[in-house]
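Analysis of the macromolecular model
Now for the letters of each chain:
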Amino acid sequence: MKRIVTIQDVSCFGKCSLTVALPIISAMGIETAVIPTAVLSTHTGGFEGYTFRDLTNDIPDIAAHWKSLDLKFDSIYTGYLGSKEQVRIVSDFFDDFKTPDNFIVVDPAMADSGRLYAGFTDDFVDEMKKLCAKADYMIPNMTEAAFLLGIPYTESYDEEYLKDIMKRLTELGCRLPVLTGVHFDSEKQGAAAYDAESDSMYYSFRENIDCTVHGTGDIFASVFTGAVTLGKSIQETLDISVGFTADCIEATLPHMKEMWYSTCFESCLGKLIEYVNK
Ligand code: PXL
């Protein structure tokens, strides 16, 4: 059995980060250890007055205990991290738990639609860049890629522009960048990956659904991490991640009014298990 550790916050209400990663990775048949980096009453995307308990200081103690138990992980997967200090401590965790055979997956969850999430600054972006340098796979959306590369944000681009962005992301130090929310027209949306070793781009698309739903980045990154950890190829991993994320958005569409804060991903978990077992 494979084992992943995922390091991100618990948003108690709102279905993102750990409350998405844990059920999804478990459904893929993978043991899921967690390090909660903070506890928030809700996520920060549209709720007001949320609480935020920072657990940064617990992370080194958890890591030390796990070292004493000689725990090993097939992948280390990070999502939303609350502060620069936390990013630095997670970077130390990578140094402690990286092995020649395991993967590091960094989702630099910090921005969308051209803007940083509430509470993030340029200093945080600089620290996140260093974390991405240690990743085997990084999974930004176009906004995050633009912040990480210090270039203007645009949603209007062609394949050549995209490949250049991907090459620049590898220059940060990451082996294989994966970009989410990729679209060349209004018909299709999906994701792209770039393998610098073979200079190859990989794509996967589904029919475009013209809406933004909170938590889809976390769904994509969780499935992606699960699928590569199970040994799926990059193309298979992209197809499963794009397919499942699109399924979740489709399942949410009839409920958008009450589900403004997240997805109805639960009803799709059966399909995810089918995709993985194919
Ligand atoms: O979905 C990413 C995410 C995770 N955790 C918290 C968030 C967000 C996005 O807004 O606010 C607390």
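Refer to the structure printed above.
Residues numbered from 1 in each chain as written. Predicted model: local features only at pLDDT ≥ 70, side-chain atom pairs only at ≥ 80, totals over all residues. Heavy atoms only, no water.

Now for helix α5 (residues 142–149). Burial of α5 is extensive: seven of the eight residues sit out of reach of the surface. Buried within α5 we find M142, T143, E144, A145, A146, L148 and L149. Of the surrounding secondary structure, the elements contacted by the buried residues of α5 are β6 (111–112), β7 (115–116), α4 (122–133), β8 (137–138), α6 (159–171) and β9 (176–182). For α5, the N-terminal cap is N141; the gap from its side-chain oxygen to the backbone nitrogen of T143 is 3.1 Å. Downstream of α5 by one or two residues, G150 has phi in the positive range, about 65 degrees. (Buried < 20%, exposed > 50% of the residue type's maximum accessible area, 1.4 Å probe, protein only. Helix = DSSP H or I, 4+ residues; strand = E, 2+ residues; numbered from the N terminus. Contact = heavy atoms within 4.5 Å. Polar contact = N/O pair within 3.5 Å; in protein donor to acceptor, adjacent residues only side chain to side chain.)

Bringing the site of the ligand into the picture now. Taken together, the neighbourhood of the ligand is formed by D9, S11, C16, S17, L40, H43, T44, G45, Y80, Y117, H214 and D218. In the model, a nitrogen atom of the ligand is placed 2.8 Å from a nitrogen or oxygen of the D9 side chain. In the environment of the ligand, an oxygen atom lies 2.6 Å from a nitrogen or oxygen atom belonging to the side chain of T44. A total of 320 Å² of accessible area belongs to the ligand in isolation, and the protein chains cover 98% of it. A per-class count over the shell around the ligand returns four nonpolar, six polar and two charged. (Near = heavy atom within 4 Å. Areas by Shrake-Rupley, 256 points an atom, 1.4 Å probe, with all protein chains shown as cover. Nonpolar A, V, L, I, M, F, W, Y, C, P; charged D, E, K, R; others polar.)

This brings us to the pattern of salt bridges. A complete count under the given rule lists 14 salt bridges for this structure. Measuring nitrogen to oxygen at the nearest pair gives 3.2 Å for the salt bridge that ties E31 to R3. Taken as a pair, E31 in strand β2 (residues 31–42) and R3 in strand β1 (residues 3–13) lie far apart in primary sequence, 28 residues in all. The class for E31 is partly exposed, based on a relative accessible area of 34%. Of the residues examined, R3 reaches a relative accessible area of 23% and is grouped as partly exposed. Its salt-bridge partner being E250, residue R206 comes within 3.3 Å of it at the nearest N-O pair. Linking R206 in strand β11 (residues 200–207) with E250 in helix α8 (residues 234–252), this pair joins segments that are 44 residues apart in sequence. Overlapping salt bridges, with partners in common, bring together R206, D247, E250 and K271 in one network. (Salt bridge = Lys/Arg side-chain N within 4 Å of Asp/Glu carboxyl O.)

Note that all results are geometric; they support no functional claim without further evidence.
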